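# Structure assessment
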Amino acid sequence: MSLFGTNGVRGIANEELTAEMALDLGKVIATLKPGKIAVACDTRISSQMLKCAVLAGIMSAGSDAIDLGVAPTPALQFYAKSKRVAGVIVTASHNPREYNGIKFVQENGAEFFREMDEISERIFMSKSFKIAKWNEVGSLLRDDCIELYVNAIVESVSLDKKYRIVVDCGNGAGCFTTPEILKRLDCEVYGINCNPDGRFPAREPEPVERSLNLLKKAVVDFKADLGVAHDGDADRAVFVNEKGEFVSEDAMLALIAKHYVEKHGGGIVVTPVSSSRCVEDAVKSVGGEVVYTAVGSPVVAKVMLEKNAVFGGEGNGGLIFPEHLLARDGGMSVAKVLQLLDETGKTLSELVSEIPRYYMIKGKVECRNKEKVLEELRKKFPDANHVDGVRIDFEKGWLLIRPSGTEPIARIYAEGKSKEKAEELYAEGVRVLKQILS
Ligand code: MG
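My aim in this report is to walk through the structure given alongside it, one point at a time.

Scoring rules and cut-offs
Residues numbered from 1 in each chain as written. Predicted model: local features only at pLDDT ≥ 70, side-chain atom pairs only at ≥ 80, totals over all residues. Heavy atoms only, no water. Axes fitted to C-alpha atoms, helices over the stretch in contact; angles between N-to-C directions. Helix = DSSP H or I, 4+ residues; strand = E, 2+ residues; numbered from the N terminus. Parallel < 35°, antiparallel > 145°, perpendicular 65-115°, else oblique. Left-handed = near helix turned anticlockwise from the far one by under 90°. Contact = heavy atoms within 4.5 Å. 1 Å grid on protein atoms, 1.4 Å probe; cavity = no way out; pocket = protein on both sides within 12 Å on 5 of 7 lines; lining within 4 Å. Points joined across faces, edges and corners; volume = space filled by probe spheres on them. Nonpolar A, V, L, I, M, F, W, Y, C, P; charged D, E, K, R; others polar. Donors = N, O, S within 2.8 Å, 3.2 Å for Na, K, Ca; no water. Buried < 20%, exposed > 50% of the residue type's maximum accessible area, 1.4 Å probe, protein only. Pairing = 2+ DSSP bridges. Right-handed = clockwise from strand over helix to strand, strands pointing away.

Bringing the packing of helix α1 (residues 19-32) against helix α4 (residues 114-126) into the picture now. Following both chains from N to C, one finds α1 and α4 inclined at 120°, their axes separated by 9 Å at the closest point. Taken together, the axes of α1 and α4 are oblique relative to one another. Both α1 and α4 take part in a crossing whose hand is right-handed. Side by side, α1 and α4 meet where M21, D24, L25, V28, T31 and L32 of the first sit next to I119, S120, I123 and F124 of the second.

Structural data, given as structure tokens:
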């Protein structure tokens, strides 16, 4: 595939991702999933333009298009699941402001799995989509997914205590949902960047620690219980503890995973091979099991479905609560963290301190000929995990080497109990790769 990446189609708006392409992508989904199709978009400047083109494409292929306006990706996905309709979300998620993207959603609320994206791409490239006759063109309907989504989250959580929260929506689609969810959970809410603005004037759409200084400070100044920040489409949530310290996404993933396994008295947690060992440690400590997948949220969701997992997620703040939705959900993540504080009576920093700590190093090395390198790596480490590159687990750490399919590089991840161990493993990864390449 070349058009569809791990998360649908992405590119710079009006250059790499044009209104013409959006129109054809609307026809593609209506060819695959005829009937009613829901469409929503994030707050980006180019989003309404692309959304209108998708709606037109759907109607021209004879399906009815439901315009849901601006909404977080999980709100569109929850609507799709509730109404049993396919969906399209126009968003570039955490990418810089000039980007946009188009992602297809199944009637169960999950993103299209890889094989479905492959079929979509074939239809797009060959232009073999349906075109309706003049009198069979679809209708334009309007509906709201915000209330449905907010309600479902509020109803799934019950809190005894009152919490004080600082929310940084980064001017993205989370502005329409997370502050409202927290208010309805009777929290005292302080909002930062909670006005929708597709120029993203305050911070980059990706909620990385370096751009969350205001959030960290506000949590301390307001004596809040925690701070939360979303990416542009609010399917991810990252947290700041009550001391104003950023909590690593891997630690949050491990914390919620442990809690879910405990509640279920065991069960499977699904996460990509790039996730920290702290997730496996936490899950095993309460009698659960971790299943590793290739990197990318659609495959995590797919394996969760196959394995009937209790929980899953990625080490980037994307957490999946399967009883609610088979997709990453930033709004639900906040609600579940509050539920955890409420049930345990502990602060976020106390809870996180119970998660084992590791040091991770990520880097990349120039590497061509992905197939040959992979074959050599698999031969060299036959007992390693081969689901995405090669992950070799040792007692005190692990090493992952992933040759990229799209760039002439291989990514190396090394994690150890100590910084020295991580550095040692990373150096070993580079050595092995250089040896194969020489
Ligand atoms: Mg996102």
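Moving on: the layout of surface pockets. Space inside the second largest pocket adds up to approximately 710 Å³. Considering the residues around the second largest pocket, the lining is formed by 28 residues, among which S248, E249, D250, A251 and Y358 are closest to the centre. Secondary-structure elements contributing two or more residues to the lining of the second largest pocket are β11 (246-247), α8 (249-264), α12 (348-353) and β16 (359-366). Classifying every residue of the lining of the second largest pocket gives twelve nonpolar, seven polar and nine charged.

Turning our attention to the coordination of the magnesium ion. Coordination of the magnesium ion by the protein is provided by S93 (OG), D231 (OD), D233 (OD) and D235 (OD), with metal-donor distances spanning 2.0 to 2.2 Å. Within one chain, the residues serving as donors to the magnesium ion are arranged as S-x137-D-x1-D-x1-D. Of this pair, S93 sits in the loop between β4 (86-90) and β5 (99-105) while D233 sits in the loop between β9 (226-230) and β10 (237-240), placing them 140 residues apart in sequence. D233 shares its class with S93; the two are buried.

Attention now moves to empty space enclosed by the protein. Going through the model one piece at a time under the given rule, you end up with one cavity of 30 Å³ or more. Approximately 30 Å³ is the volume found for the largest cavity. Along its surface, the largest cavity is lined by T6, N7, G8, K103, F104, E111, F112, D117 and P298. Among the residues forming the lining of the largest cavity, the class breakdown is three nonpolar, three polar and three charged.

Pairing is antiparallel across the open sheet formed by four strands, whose spatial order is β16-β19-β18-β17. In this open sheet, the two strands that pair with only one neighbour each are β16 and β17 (390-394). Recorded for the sheet is a direction-independent mean angle of 10° between the axes of neighbouring strands. Bridging between strand β18 (residues 397-403) and strand β19 (residues 409-416) involves seven bridges; their strand directions are antiparallel. The residue bridging L399 from the neighbouring strand is A414, located in β19. Strands β17, β18 and β19 of the sheet are contacted by helix α9 (residues 277-285), whose axis makes an angle of about 55° with β17.

All right, on to the pairing of strand β3 (residues 64-70) then. Most of β3 sits inside the fold, with five of its seven residues counted as buried. Examined bridge by bridge, strand β2 (residues 36-41) and β3 share five bridges and lie parallel to one another. Each bridged residue has a counterpart across the sheet, and for C41 the counterpart in β3 is V70. With helix α2 (residues 47-60) bridging β2 and the parallel β3, this β-α-β connection has right-handed handedness. Pairing between β3 and strand β6 (residues 140-142): three bridges, direction parallel. Paired with A65 across the bridge in β6 is L140.

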